[in-house]
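# Observations on the model geometry
Here is what each chain is made of, one letter per residue.
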Amino acid sequence: MAGLAQLATKVEDSLAKLAYPARPWVKSLPAQAGGHVYDVVIIGGGQCGLAAAFGLMREQVSNILVLDENEAGREGPWMTYARMITLRTNKALTGTVQCIA
């Protein structure tokens, strides 16, 4: 158990030196007309859009808007189907997959 505690201390020290995730790396900007300014807007709430949003949130970027053409409750890749099954990832898979833009 002493080895695990020593390793945990070393990890904490390394993360502190990297300043991860001590602070957001995107500077927020105020809106000119009193509206909201997002740090990132992702067009498309499918598999790649959600994976991009997830990756950004893991990096402390949380001021994100994901836009999807489907109505609320039907957004994302799990409720809709493409016309060509060969272009879609199997819906039984879990987690994010590599998305190529």
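That block above? That's the structure.
The notes below deal with the structure included here. Keep in mind the model is a prediction, meaning the values are calculated, not measured.

## Brief notes about unusual backbone geometry
A positive phi is found at Gln60, a non-glycine position, where the angle reads about 70°. Within the secondary structure, Gln60 is located in the loop between α2 (47-58) and β2 (64-67).

## What about α2?
For α2, with 12 residues, the first-to-last C-alpha span of 17 Å sits near the 16 Å given by 1.5 Å per residue. By the burial criterion, the buried members of α2 are Gly49, Ala51 and Ala53. On its buried face, α2 is in contact with β1 (40-43) and β2.

## Details of a nonpolar patch on the surface
Nonpolar side chains collect at one region of the surface, where Leu4, Leu7, Val11, Leu15 and Leu18 lie side by side and expose about 470 Å² of accessible area between them. The topology assignment puts Leu4 in helix α1 (residues 2-18). Relative accessible area serves as the criterion here: at 53%, Leu4 is assigned to the exposed category.

Rules and cut-offs
Residues numbered from 1 in each chain as written. Predicted model: local features only at pLDDT ≥ 70, side-chain atom pairs only at ≥ 80, totals over all residues. Heavy atoms only, no water. Helix = DSSP H or I, 4+ residues; strand = E, 2+ residues; numbered from the N terminus. Expected span 1.5 Å × (residues − 1). Buried < 20%, exposed > 50% of the residue type's maximum accessible area, 1.4 Å probe, protein only. Contact = heavy atoms within 4.5 Å. Patch = residues over 30% accessible without salt bridge, like charges linked within 9 Å, V, L, I, M, F, W, Y side chains within 5 Å. Areas by Shrake-Rupley, 256 points an atom, 1.4 Å probe, with all protein chains shown as cover. Salt bridge = Lys/Arg side-chain N within 4 Å of Asp/Glu carboxyl O.

This is a description of form; function is not addressed.
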